[in-house]
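# Understanding the architecture of this molecule
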Amino acid sequence: MSSNPANSDLPTAAEASAEAGLLDALQHQVAVFARRAEQTRLGGVGQARNSMDRAAYLLLNRLDLEGPMGVKALAGGMGIDSSTVTRQVAPLVDSGLVKRTSHPEDGRAVVLALSPRGLSRLEEVRSSRRELMARVTEGWSEEERESFTGLLTRFNGSLSELMGAASEAGPAS
């Protein structure tokens, strides 16, 4: 790693400076991405563009991929608290995109499920967002798309793990 003869495990000043520069560039690009994502809301194209907020999309997507579940399980899987999920789900229930049903094994418990209307709406938004991703990456090879998706998935996973560890540790004293 280093050409420092005293300790080959320690980076040289030039290596440390290059790493700091790279990390600065990374954090800047992540900030730009966050701003662009918020500006477009990554809503897609056509009539479905900007028609579903991020929270709704993520909740509906999780219910579609994992099936009916309770608020606590939904919150845990998304890394947010139950009160936030309850607040975000209420308009989805009111609009008929999500339905509350009895738990199949414990009739007293309530689970949230994607309604047929919710699934249809989710598919419409997915299609629009898929078209946006196709346009944004139009000049990219399939290998580049796969690589970027893999790296972004890894980045999000690492960020999620870090945030989970920080929340478990509690406030810094």
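In short, a report on the structure. (Residues numbered from 1 in each chain as written. Predicted model: local features only at pLDDT ≥ 70, side-chain atom pairs only at ≥ 80, totals over all residues. Heavy atoms only, no water.)

All right, on to the overall build of the protein chain then. Each helix and strand counted, the protein chain has six helices and two strands in total. Listing each helix as α and each strand as β along the protein chain from the N terminus yields α-α-α-α-β-β-α-α. For the protein chain, the accessible area works out to roughly 12000 Å², and carbon and sulfur atoms hold 56% of it. (Helix = DSSP H or I, 4+ residues; strand = E, 2+ residues; numbered from the N terminus. Areas by Shrake-Rupley, 256 points an atom, 1.4 Å probe, with all protein chains shown as cover.)

Here we come to the nonpolar core. Leu 60, Leu 63, Leu 74, Val 89, Leu 92 and Val 98 are the most contacted members of the largest nonpolar core, which totals 18 residues. At the level of secondary structure, the elements contributing two or more residues to this core comprise helix 2 (54–66), helix 3 (71–78), helix 4 (82–94), strand 2 (110–114) and helix 5 (116–136). A total of five residues in this core trace back to one element, the largest contributor, which is helix 2. If near-sequence neighbours (up to four positions away) are discounted, Val 89 is found in contact with Leu 59, Leu 74, Val 98 and Leu 112. (Core = buried A, V, L, I, M, F, W, Y, C linked by side-chain atoms within 4.5 Å. Buried < 20%, exposed > 50% of the residue type's maximum accessible area, 1.4 Å probe, protein only. Contact = heavy atoms within 4.5 Å.)

What follows covers the packing of aromatic side chains. Applying the stated criterion across every chain, the model contains one aromatic pair. The lysine or arginine in question, Arg 129, covers the ring of Tyr 57, its NZ or CZ lying 4.0 Å from the ring centre. (Phe/Tyr/Trp six-rings, centres within 6.5 Å; stacked < 30°, edge-to-face > 60°. Lys NZ or Arg CZ within 6 Å of the ring centre and 35° of its normal.)

Our focus in this paragraph is the side chain of Asn 61. Tracing the sequence through the fold places Asn 61 in helix 2. A residue is classified by how much of its surface remains accessible, and Asn 61, at 17% relative accessible area, is buried. A polar contact of 2.4 Å, which involves the side chain of Asn 61, links it to the side chain of Arg 126. Contacts of Asn 61, omitting those with residues within four sequence positions, involve Leu 122 and Arg 126. (Polar contact = N/O pair within 3.5 Å; in protein donor to acceptor, adjacent residues only side chain to side chain.)

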